[in-house]
Amino acid sequence: MGVNLRTNVPHSARVYDYFLGGKDNFEADRTAAEDVIKIAPYMPTSVRANRDFMIRVIRHLAAERGVDQFIDIGTGLPTSPNLHEVAQGADPAARVIYVDNDPLVLVHARALLTSTPQGRTRYIQADLNDPDAIIGSPEVRETFDFTRPVALCLIAVVHFIHDDDTVRSIIDRLMEALPAGSFLTLSTIALDSAPGKLVSEAVAQYNRRGIMSKARTRAQIEGLFDGFRLIEPGVVPVHRWRPDATALPVDDKMVSMYGGLAIKD
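Residues numbered from 1 in each chain as written. Predicted model: local features only at pLDDT ≥ 70, side-chain atom pairs only at ≥ 80, totals over all residues. Heavy atoms only, no water.

S.K.: Tell me about the pattern of salt bridges, residues and numbers included.
M.R.: The tally for this structure, following the rule as stated, stands at 15 salt bridges. With its nearest N and O atoms 3.7 Å apart, the salt bridge here joins D244 to R59. Taken as a pair, D244 in the loop between strand 7 (236-237) and strand 8 (257-263) and R59 in helix 3 (residues 43-64) lie far apart in primary sequence, 185 residues in all. Of the residues examined, R59 reaches a relative accessible area of 37% and is grouped as partly exposed. For the salt bridge of R229 with D265, the shortest nitrogen-to-oxygen distance reads 2.9 Å. On the criterion of sequence distance, the pair formed by R229 in strand 6 (residues 229-230) and D265 in the segment after strand 8 is long-range, its members being 36 residues apart. (Salt bridge = Lys/Arg side-chain N within 4 Å of Asp/Glu carboxyl O. Helix = DSSP H or I, 4+ residues; strand = E, 2+ residues; numbered from the N terminus. Buried < 20%, exposed > 50% of the residue type's maximum accessible area, 1.4 Å probe, protein only.)

S.K.: Go over the packing of helix 1 (residues 12-19) against helix 2 (residues 27-39) with me, naming the residues and quoting the values.
M.R.: Direction vectors running N to C along helix 1 and helix 2 enclose 65°, while the axes themselves pass 9 Å from each other. In the packing of helix 1 onto helix 2, the handedness of the crossing is right-handed. Across from R14, V15, Y18 and F19 in helix 1, the residues of helix 2 making contact are D29, R30, A32, A33, E34, V36 and I37. Class assignment of the residues belonging to the contact of helix 1 with helix 2 gives a composition of 7 nonpolar, no polar and 4 charged. (Axes fitted to C-alpha atoms, helices over the stretch in contact; angles between N-to-C directions. Left-handed = near helix turned anticlockwise from the far one by under 90°. Contact = heavy atoms within 4.5 Å. Nonpolar A, V, L, I, M, F, W, Y, C, P; charged D, E, K, R; others polar.)

S.K.: Give a description of helix 2 that names residues and reports values.
M.R.: Counted at 1.5 Å a residue, the expected span for helix 2 with its 13 residues is 18 Å, and the 19 Å between its end C-alpha atoms agrees. Buried within helix 2 are the following residues: A28, D29, A32, A33, D35, V36 and I37. Those residues of helix 2 that are buried are in contact with helix 1, helix 3 and helix 9 (197-208). (Expected span 1.5 Å × (residues − 1).)

S.K.: How would you summarise helix 8 (residues 164-176) if you had to cite specific residues and measurements?
M.R.: When the terminal C-alpha atoms of helix 8 are compared, their 18 Å separation across 13 residues agrees well with the 18 Å that a helix rising 1.5 Å per residue should span. Buried residues of helix 8: V167, R168, I170, I171, L174 and M175, and no others. The buried residues of helix 8 occupy an angular sector of 160° when projected down its axis, which confines them to one face. Seen from the open side of helix 8, the exposed residues pointing more than 90 degrees away from its buried face are D165 and E176. If you follow the buried residues of helix 8, they end up packed against strand 1 (69-73), helix 6 (131-135), strand 4 (151-155), strand 5 (183-189) and helix 10 (218-223). (Arc of directions from axis to C-beta.)

S.K.: Can you tell me about the environment of M43, naming the residues and giving the values?
M.R.: Along the chain, M43 turns up in helix 3. Sequence separation between M43 and A109 is 66 residues, and the spatial gap between their C-alpha atoms is 26 Å.

S.K.: I'd like a description of the pairing of strand 1, backed by residues and values.
M.R.: Moving residue by residue along a regular strand, the side chains alternate between the two faces of the sheet. Of all the 5 residues making up strand 1, 5 are buried; the element is thus mostly covered by neighbouring parts of the structure. Residues of strand 1 alternate between two faces, with Q69, I71 and I73 on one and F70 and D72 on the opposite face, all of them buried. In terms of strand pairing, strand 1 meets strand 2 (residues 95-100) through 5 bridges, oriented parallel. Residue pairing across strands places I71 opposite I97, the latter belonging to strand 2. As for the winding sense of the linkage, the β-α-β connection from strand 1 through helix 4 (residues 83-90) to strand 2 is right-handed. (Pairing = 2+ DSSP bridges. Right-handed = clockwise from strand over helix to strand, strands pointing away.)

Spelled out as structure tokens, the structure:
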């Protein structure tokens, strides 16, 4: 596949992979990540806490809410356990559609398609900024039963869209297409998080490296859930969202991401 990886330019998915301790990154990505860590030493812990949030919220939806249809937009590079592995671990018949606009993720998408025999996983190369193309895609229409709830997952992706109205419009369009009883879960960079001023400095370092990001206040993040009913405990630091017995102890000062889960009544 003729994909230009531009290994000399830092890439958001590869930097994230480095923070998670992965191997799908290059020198430019590692340098960019270390520059951020110099400003914000909490970053690897925060990224791992966000990953653990994804695992808990998907397990909650599959095991406790009976959701067996998931669409994950802004998938990023595969990192085990991937979302479908968590969902199908609770319900082997779960169906998962991954969506990303990055050709680099497409290169690795094979790792996202290791479904159980009872379930199904599919991958769409599409852009969050074009929700109609996502919802109207044959993959979505063929995979999901729209008479039953679907979980829309926007994990660590909306901070790449700076305009709040644009994010709200995208979420509303996607959720409008899903039946009542569907869920929205998202996580994003929070200005109100314990690292405080360091968050703004870390985001500025990302932006200087060409990875354009935006941190939001807790109130702004809560606003992204407007029109849907938040599930307890609401919008909180990701490590504070229903921690379970497997959760590793995390210092509040080491997490800069907030997340939440809401239902469409």
